[in-house]
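# Commentary on secondary and tertiary structure
Spelled out from the first residue to the last, the chains are:
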Amino acid sequence: MTLRTILVSLTSTTSAKQLLEAAAVLARRDNAHLIGLYVTESLVFYPGIAMHIPEQSFQDFVTSQRAHAREVKDIFEAFAATEDFPTEWRQVSSENGFLADSIVECARSVDLIVMPQEDDADDRPMINDLQERVIKESGRPVLVIPRDYEVAALGEKIVLGWSETREATRAMHDLIDVVRPDASVRVLRIGKPPSNTLADHQANDLAVALSRHGPDVELVHRDKDGEKVADVLSHEAFEMGADMLATGAFGHSRAYDFVIGAATRSLLREAKLPVMFSK
């Protein structure tokens, strides 16, 4: 139950301070090394499309990138000056134009990635679907912080979405490093509750295994009753007064998600509290 390295993906001046303050809640607890990562964008030229970019336009782009990086770095340095845990500013260039590639490359050696929630107003080609790609490709848990959410606590009261899937299993084990030893964890199984809850061996074994690490764990069953999975998770978290959700991510094919609807994408866009996604 110890985080040693936390990577905060800083993509805008609007969310930078909020993300750093959220990550700090966990970093202070474990004296974790916190990395503030900023990836500079690059102009992308597509083969087969003939176009000329005036030199002045190119220089203006480079200048704006440097100015934006400086603004974000100033926010990070002001934040770091007030904290005792180790911090590191890391700025890298996205050579191929895709921010996700650079974030994934930097994330493979960390314990947790912290990212902002998707914002429909941020229609930059290099940043679209950023969270989805990092969740799918980094192999690390990703904690997504909702827009304008003020984090007072993290890892104290958690709802863990559970099903017999690889992704949910990863979420349970990733959660061990994030929760406090004295945390309360509600393991939520969605679907028709069994007539005998004691017969739900897998979920009961998981709850007992998690409790051996210290948290107070309870297992609950909730029928969907026509609701979306994401809504059931969110309602349970609200009723518990949880400070975060933890769930497996992208456990179905794109075809299934298109027809049925994807819980992961709904949570990415609409969750009202932090969600840790594991893939």
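For the structure, check the block above.
Bear in mind that the values here come from a model prediction, so they are computed numbers and not experimental data.

Here we come to unusual backbone geometry. Residue Asn-31 is not a glycine yet carries a positive backbone phi of 50°. Mapped onto the secondary structure, Asn-31 falls in the loop between α1 (13-30) and β2 (33-40). We classify Asn-31 as partly exposed; its relative accessible area is 48%. In this structure, Asp-148 is a non-glycine residue whose phi angle is positive, near 60°. Tracing the chain through its elements places Asp-148 in the loop between β5 (142-145) and β6 (157-162).

We now examine the sheet that holds strand β7 (residues 184-190). In space, the 10 strands of this open sheet follow the order β3-β2-β1-β4-β5-β10-β9-β6-β7-β8, with mixed pairing throughout. Since the sheet does not close on itself, it has two edges, and those belong to β3 (87-93) and β8 (216-222), each with one partner. Taken pair by pair, the neighbouring strands of this sheet meet at an average axis angle of 25°, ignoring direction. Pairing between strand β4 (residues 112-116) and β5: four bridges, direction parallel. Bridge pairing in β5 links Val-114 to Leu-143. Its contacts with the sheet put helix α5 (residues 166-178) on β6, β7, β9 (244-248) and β10 (275-278), and the angle it makes with β10 is roughly 125°.

Applying the stated criterion across every chain, the model contains 19 salt bridges. Two residues, Arg-133 and Asp-101, come together in a salt bridge whose shortest N-O distance is 2.4 Å. Here Arg-133 is found in helix α4 (residues 130-138), whereas its partner Asp-101 is found in helix α3 (residues 99-107), with 32 residues between them in sequence. A salt bridge links Arg-189 to Glu-164, with the nearest nitrogen and oxygen atoms 2.5 Å apart. Residue Arg-189 is located in strand β7, and its partner Glu-164 is located in the loop between β6 and α5; the two are separated by 25 residues in the primary sequence. Classification of Arg-189 by relative accessible area gives buried; the value is 13%. For Glu-164, a relative accessible area of 42% puts it in the partly exposed group. One continuous salt-bridge network, built from bridges that share partners, spans Arg-70, Lys-73, Asp-74 and Glu-77.

Cut-offs and rules
- Residues numbered from 1 in each chain as written.
- Predicted model: local features only at pLDDT ≥ 70, side-chain atom pairs only at ≥ 80, totals over all residues.
- Heavy atoms only, no water.
- Helix = DSSP H or I, 4+ residues; strand = E, 2+ residues; numbered from the N terminus.
- Buried < 20%, exposed > 50% of the residue type's maximum accessible area, 1.4 Å probe, protein only.
- Pairing = 2+ DSSP bridges.
- Axes fitted to C-alpha atoms, helices over the stretch in contact; angles between N-to-C directions.
- Contact = heavy atoms within 4.5 Å.
- Salt bridge = Lys/Arg side-chain N within 4 Å of Asp/Glu carboxyl O.

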